[in-house]
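Report on the structure
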Amino acid sequence: MLNEWQQRDLKYIWHPCSQMKDYEELPPIVIERGQGVWLYDVEGNRYLDAISSWWTNLFGHCNKRLNDALKAQADKLEHVIFANFSHKPAIELSQKLVEIAPKGLEKVFFSDDGSTSVEVALKMSFQYHQQKGNYTKLKFACFTNSYHGETLGALSVGSIDLYSKIYKPILKESIEIQGPDCFRCKYHKTRYSCDVECFEEVEKVLKKHHKKICAVIIEPIIQCAGGMRIYPPKFLKLLREACTSYDVHLIADEVAVGFGRTGKMFACEHAGITPDFLCLSKGLTAGYMPLAVTLTTQEIFDAFYADYVELKAFLHSHSYTGNPLGCAVALESLKIFEEYNILKEINEKATYLEELARKTFDNHRFVGEYRQFGFVGAIELVEDKATKKEFDWRKRVGYHIYKTALKKGLLIRPLGNVIYFMPPFVIEKDEIDFMVRNTLKAINQFFGL
């Protein structure tokens, strides 16, 4: 029986990333409030948010300090046009981001969300090359199993058919490079023992097509929506060197993995590299407000700096660019990082999670691999452990486990056959125990173990 709120929801709302017919069996869970890692629905049930509400939340729901920063800003300025106008939160946030970002990223362009931060990087790279006289550079390169957002430009540099296949006729054609797959490595290595032999695929493509390519886009260290695939930092380091050698921009999409998720503030730091563009969103505002930025270099900025009549300006814009409310919360979030040495705390909790998860899942009959990098963990479910045979996607194994976990008070939205953990940083050890224990129970219940 649906409650009143569920009935009204289904009457009016079309939910994202959903087959709405599924809601006949699993109606929307209407959340009334949140506190810390917990979400509470209108019927009094609670759920541990193990995925940080689509990877956005850093310091828990309804964090008092972030709430206060948002309220204080709302009493001063809610929004103002960002063309020819500015405001203190945006200025302070930009300065802080440049200070903490990989060295050499000196300019900050604001937008609204992850997809639009990627769109900005793509357009900037393309326009840069045109204005530099590199007229043959008309394409972008991306990796297999990649995902960079849902707008048309972002979909054009994604390679997961589930999201993009239907739109192929209206997407810009990109050059796809075979990406690293450490779980099913064709070189029969592991991510801990290899010399990134798979990088030879990148070299082949760049050598052949570099005169056509504006930029290569990649999610540093972890391909998130593609199933939380984790690859060695050396791959990223070699990619930076190759892009520089072939005069191709490197776009680092850290929308999901930025702001401490990998144990460092930015995933690029693990490889010691600076991309030409760094795309950030999600954790930027600790899960509070839609806000995104694209950071780039002074050299790229200078290619757009000219008298108006030369028509070199970057004319991309969004109505809510640089929104003061989002900027104020983002600033407060960065202050929390500094004042409480959050990165040290994240790594301590990550160690605890990995030790517990490996004890729990490594020998499970249907777990092909438990993998983790920083505070992101993933369980790859397989039909056959020895051969690493995947479950048929039509069986929706992950989805059914997700439904079971909800009944146990746990939110672990799957990625196909992959169940993952990306909880808010404020999660306590007993809550990690709850998360892992109930994930195992949900998996075992589904398989009848």
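Definitions and limits used
Residues numbered from 1 in each chain as written. Predicted model: local features only at pLDDT ≥ 70, side-chain atom pairs only at ≥ 80, totals over all residues. Heavy atoms only, no water. UniProt positions renumbered as here; feature names shortened; annotations may be inferred. Salt bridge = Lys/Arg side-chain N within 4 Å of Asp/Glu carboxyl O. Helix = DSSP H or I, 4+ residues; strand = E, 2+ residues; numbered from the N terminus. Buried < 20%, exposed > 50% of the residue type's maximum accessible area, 1.4 Å probe, protein only. Pairing = 2+ DSSP bridges. 1 Å grid on protein atoms, 1.4 Å probe; cavity = no way out; pocket = protein on both sides within 12 Å on 5 of 7 lines; lining within 4 Å. Points joined across faces, edges and corners; volume = space filled by probe spheres on them. Nonpolar A, V, L, I, M, F, W, Y, C, P; charged D, E, K, R; others polar. Contact = heavy atoms within 4.5 Å. Polar contact = N/O pair within 3.5 Å; in protein donor to acceptor, adjacent residues only side chain to side chain. Axes fitted to C-alpha atoms, helices over the stretch in contact; angles between N-to-C directions. Parallel < 35°, antiparallel > 145°, perpendicular 65-115°, else oblique. Left-handed = near helix turned anticlockwise from the far one by under 90°.

If you check an unreviewed UniProt entry, the protein appears there as Adenosylmethionine-8-amino-7-oxononanoate aminotransferase from Caldicellulosiruptor saccharolyticus. Per UniProt, the comment on the protein under Cofactor (unreviewed entry) is "pyridoxal 5'-phosphate". Its UniProt record, at the heading Catalytic activity (unreviewed entry), says of the protein: "(8S)-8-amino-7-oxononanoate + S-adenosyl-L-methionine = S-adenosyl-4-methylsulfanyl-2-oxobutanoate + (7R,8S)-7,8-diammoniononanoate".

A few words now on the pattern of salt bridges. Overall, the coordinates contain 27 salt bridges when judged by the stated rule. With its nearest N and O atoms 2.6 Å apart, the salt bridge here joins Lys403 to Glu25. In this pair, Lys403 is assigned in helix α13 (residues 397–407) and Glu25 in the loop between α1 (4–12) and β1 (31–35), connecting sequence segments 378 residues apart. Judged by its relative accessible area of 13%, Lys403 falls in the buried class. By relative accessible area, which is 60% here, Glu25 ends up exposed. Note that Glu197 is salt-bridged to Lys189, the shortest N-O span being 2.7 Å. Looking at Lys189, the relative accessible area reads 32%, which means it is partly exposed. Through salt bridges with shared partners, a single ionic network connects Arg184, Arg191, Glu369, Arg371 and Glu380.

A few words on the pairing of strand β3 (residues 46–49). Relative to β3, strand β2 (residues 38–41) runs antiparallel, the two sharing three bridges. Each bridged residue has a counterpart across the sheet, and for Leu39 the counterpart in β3 is Tyr47. The hairpin formed by β2 and β3 contains four residues between the paired strands, and Gly44 there has a positive phi angle of roughly 90°.

On to empty space enclosed by the protein. For the coordinates displayed, the defined rule picks out two cavities of 30 Å³ or more. Approximately 50 Å³ is the volume found for the largest cavity. Mapped onto the lining of the largest cavity, the elements with two or more residues apiece are β9 (229–230) and β13 (367–373). Looking at the lining of the largest cavity residue by residue, the class counts come to five nonpolar, no polar and five charged. Taken as a whole, the second largest cavity spans an internal volume of roughly 30 Å³. Lining the second largest cavity we find Ser146, Tyr147, His148, Gly149, Ala154, Leu155, Gly158, Ser159, Ile160, Tyr163 and Ser164. When residues of the lining of the second largest cavity are traced back to their parent elements, those giving at least two are α6 (152–156) and α7 (161–164). Residues that form the lining of the second largest cavity fall into these classes: five nonpolar, six polar and no charged.

Within the UniProt annotation, "binding site: substrate" (unreviewed entry) is assigned to Trp54, Tyr147, Lys282, Ser317 and Arg413. Across 360 residues, the annotated set is spatially dispersed, with a maximum C-alpha separation of 32.8 Å. Those annotated residues that line the second largest cavity are Tyr147. On the secondary structure map, Tyr147 appears in the loop between β5 (139–143) and α6. Non-local contacts of Tyr147, meaning those with residues more than four positions away in its chain, are made with Ile160, Tyr163, Glu219, Ala225 and Asp253. A polar contact is formed between the side chain of Tyr147 and the side chain of Glu150, at a distance of 2.9 Å. Mapped onto the elements, Lys282 comes out in the loop between β11 (277–280) and β12 (292–297). Apart from residues lying up to four places away in sequence, Lys282 is in contact with Trp54, Trp55, Thr56, Val255, Ala256, Gly287 and Leu291. A polar side-chain atom of Lys282 sits 3.2 Å from the main-chain carbonyl oxygen of Trp54.

The subject of this paragraph is the side chain of Thr321. Relative to the helices and strands, Thr321 resides in the loop between α10 (298–302) and α11 (324–339). Judged by its relative accessible area of 10%, Thr321 is buried. In terms of polar contacts, Thr321 uses its side chain to reach the backbone carbonyl oxygen of His318, at 2.8 Å. Not counting chain neighbours up to four residues away, the residues in contact with Thr321 comprise His79, Phe82, Phe110 and Asp112.

Across the interface, helix α4 (residues 88–100) lies against α11 with an axial gap of 9 Å and an inter-helix angle of 40°. Compared by their axis directions, α4 and α11 come out oblique. Note that α4 runs across α11; the crossing there is left-handed. Of the residues in α11, those in contact with Pro89, Ala90, Glu92, Leu93, Lys96, Leu97 and Ile100 of α4 are Pro324, Cys327, Ala328, Ala330, Leu331, Leu334 and Glu338. In the contact of α4 with α11, the residues fall into 11 nonpolar, no polar and three charged.

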